Amino acid sequence: MNASKRRRRWWPRSVRARAALAAALTAAIVLSGIGWWVHQEVYRQSLSVAEEKARNDLFALVDQLKQGDVPGPRRSAPYEVVATGRRTAVASGGGMEAFDRSAGHVLPSPPALTAPVPEVTDGWEYAYRPLRIPDRPDYDSGRGQDLAGQTYTVLYNDIWAGQLSREQAAALGVGPDATLRAYVVLVPDTAEEIAAAVDDMLLRAGLVGLLLIGAVAYFTVRIALRPVEAVRRLTASVTDPRERVTVPATAHEITALADTINTTLQRLDHAAAQQRRFVADAAHELRSPLTTLLTSLEVALAYPERTDWPATATTAARQTRRLQALAEDLLLLARLDTGAPTADTETVDLSALASQPADHHLLSARELELTCDSSDAAYVRGDRDQLERLLRNLLDNAARHAAHHIQVTVRSEDEQVVVTVHDDGPGVPAEDAERIFERFVRLDDARSRDQGGTGLGLAIARDLAHRHGGTLTLVPGDDDGACFELRLPQAPAPDAAPDADAASAPDPTPAPHLDPDQTPDAGPNPDQTPHPDPHADQVTKSEPAPDPDPMPNPGPA
């Protein structure tokens, strides 16, 4: 980590400096590309100009030679005129005179001609090829530009002396049948010098431009970030989630940032309020059985000779079970709120799992009819215990509100397993369809807490459904009552399904008797006679005898 910090120490931390550096680097890349293109274009144009001058010099040489005049040495481009049958050059100049003329001509002699060279209509015909200027001992490098040992493009044109008069050929010092060739060396030094001068100018202009671009980017970003700094100061001064930052009207992005911060503060405020409400409700729910338990024990200790100790112990055990169930529910909600992934997932037959509560679970102290309708096996991936808890909570809620009948249906639909639990109770108002899934929500405030539960069953059921990638909603039923619909992703059937066989087998462990005053979510289910076919319709009736409670229940404090 320290090495990483050392490597990044050169990188600026300020957004303004980073933006300026990024703009300067981008501009440097762009300007480098432009500079390279300008260099190539300037060099090409300069070389084209030099070639044009060399060509003009070549045609001027040819015109002089055709008139029998010997060209002078003063030329802008190096040239040399050679002829067949002649050891020395006819004429040279422009830098070629640095070679000793008495030592022989520098450039090669032309092939002999026997007829005049045909002229084109425009008279601008010439040839060119690359030639290496030899590095001879007789070359005097101090007399102009250094040409020896270099390879250049050479333009040339041939002249047959037979088309000249004898006087003109004699003036040139060649025979009447000789062939003359005029060479003009294309020296790119001028083009290179021009390109170098342009490169130097572009480099200076580019450096100044980079400084200006960096400075402009720095101050532009600095001005643009002033509203952000203002929003930051306002956000830093927020001490209560109910406070809001001022939304500036300077820019759309800054306005969106302020709106997002306000939305986040609103969510935090809502979460904090929900957390406070949850803690208050939990404390209230825990205080009610604690108060009942403490009052029963204090009255029993104050009047030991008149106390029915078995009844007192029964009341204490019942309230202790309520406390245990509530504590387990709160711990389960805390684990679900962490969002940890479900461990030990397996393929579970939801049809077989849904039939287990119908076979083994004591629904209510009243006589109820439970029908479980499941045709084929419906497999899902998840934790068996959590899925069983989900279904049990839905049945407990239905049992508390049903009048006579509860209908459970399991089916597969669109690669999903759909479980519906429908009761014939009073139903749920449309405005409370989502509120019933909140924690510690009980719509019927007139009911006792033992009958109404703690208000955590549906909240736990929805959290478990979401944890398994599904949904739990309250949907309109065909008739009166409440209908809860659970949807879970369907899983492929396993090669061998021992889970379904185990689910359909009767539970050999007897369940303890469930006190009617106990919250249905709190403890294990009492024994019921299982139906031999878990997918067939099942009718279960239960008529438990409630235990007497001789001590008065003072209710919540």
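Caption draft 1: Spatial organisation of the packing of helix α9 (residues 384-401) against helix α11 (residues 457-467). In the contact formed by α9 and α11, the axes pass within 9 Å of each other and the chain directions differ by 145°. Crossing handedness for the pair α9 and α11: left-handed. Two secondary-structure elements touch here, α9 through Gln 386, Arg 389, Leu 390, Asn 393, Leu 394 and Asn 397 and α11 through Gly 457, Leu 458, Ile 460, Ala 461, Leu 464, Ala 465 and Arg 467. Of the residues that constitute the contact of α9 with α11, the class distribution is 7 nonpolar, 4 polar and 2 charged.

Caption draft 2: Structural detail: a nonpolar patch on the surface. The grouping of Val 30, Leu 31, Ile 34 and Ile 213 at the surface amounts to a nonpolar patch, some 300 Å² of accessible area in total. Ranked by the residues each element gives to the nonpolar patch, the list is headed by helix α2 (residues 15-66), at 3 residues. Secondary-structure assignment places Leu 31 in helix α2.

Caption draft 3: Looking closely at empty space enclosed by the protein. Considering all chains together, one arrives at 2 cavities of 30 Å³ or more under this definition. Of the voids in this model, the largest cavity is the one considered here, and its volume is about 50 Å³. Together, Glu 80, Ala 89, Ser 92, Met 96, Phe 99, Asp 100, Arg 101, Gly 104, His 105, Val 106 and Arg 136 line the largest cavity. Taken together, the residues of the lining of the largest cavity sort by class into 4 nonpolar, 3 polar and 4 charged.

Caption draft 4: Geometry of the side chain of Arg 487. On the secondary structure map, Arg 487 appears in strand β12 (residues 483-489). Note on Arg 487: relative accessible area 18%, which makes it buried. A distance of 3.0 Å separates the side chain of Arg 487 from the side chain of Glu 413, its partner in a polar contact. Side chain to side chain, Arg 487 and Gln 416 meet in a polar contact 3.0 Å long.

The rules behind the values
Residues numbered from 1 in each chain as written. Predicted model: local features only at pLDDT ≥ 70, side-chain atom pairs only at ≥ 80, totals over all residues. Heavy atoms only, no water. Axes fitted to C-alpha atoms, helices over the stretch in contact; angles between N-to-C directions. Helix = DSSP H or I, 4+ residues; strand = E, 2+ residues; numbered from the N terminus. Left-handed = near helix turned anticlockwise from the far one by under 90°. Contact = heavy atoms within 4.5 Å. Nonpolar A, V, L, I, M, F, W, Y, C, P; charged D, E, K, R; others polar. Patch = residues over 30% accessible without salt bridge, like charges linked within 9 Å, V, L, I, M, F, W, Y side chains within 5 Å. Areas by Shrake-Rupley, 256 points an atom, 1.4 Å probe, with all protein chains shown as cover. Salt bridge = Lys/Arg side-chain N within 4 Å of Asp/Glu carboxyl O. 1 Å grid on protein atoms, 1.4 Å probe; cavity = no way out; pocket = protein on both sides within 12 Å on 5 of 7 lines; lining within 4 Å. Points joined across faces, edges and corners; volume = space filled by probe spheres on them. Buried < 20%, exposed > 50% of the residue type's maximum accessible area, 1.4 Å probe, protein only. Polar contact = N/O pair within 3.5 Å; in protein donor to acceptor, adjacent residues only side chain to side chain.

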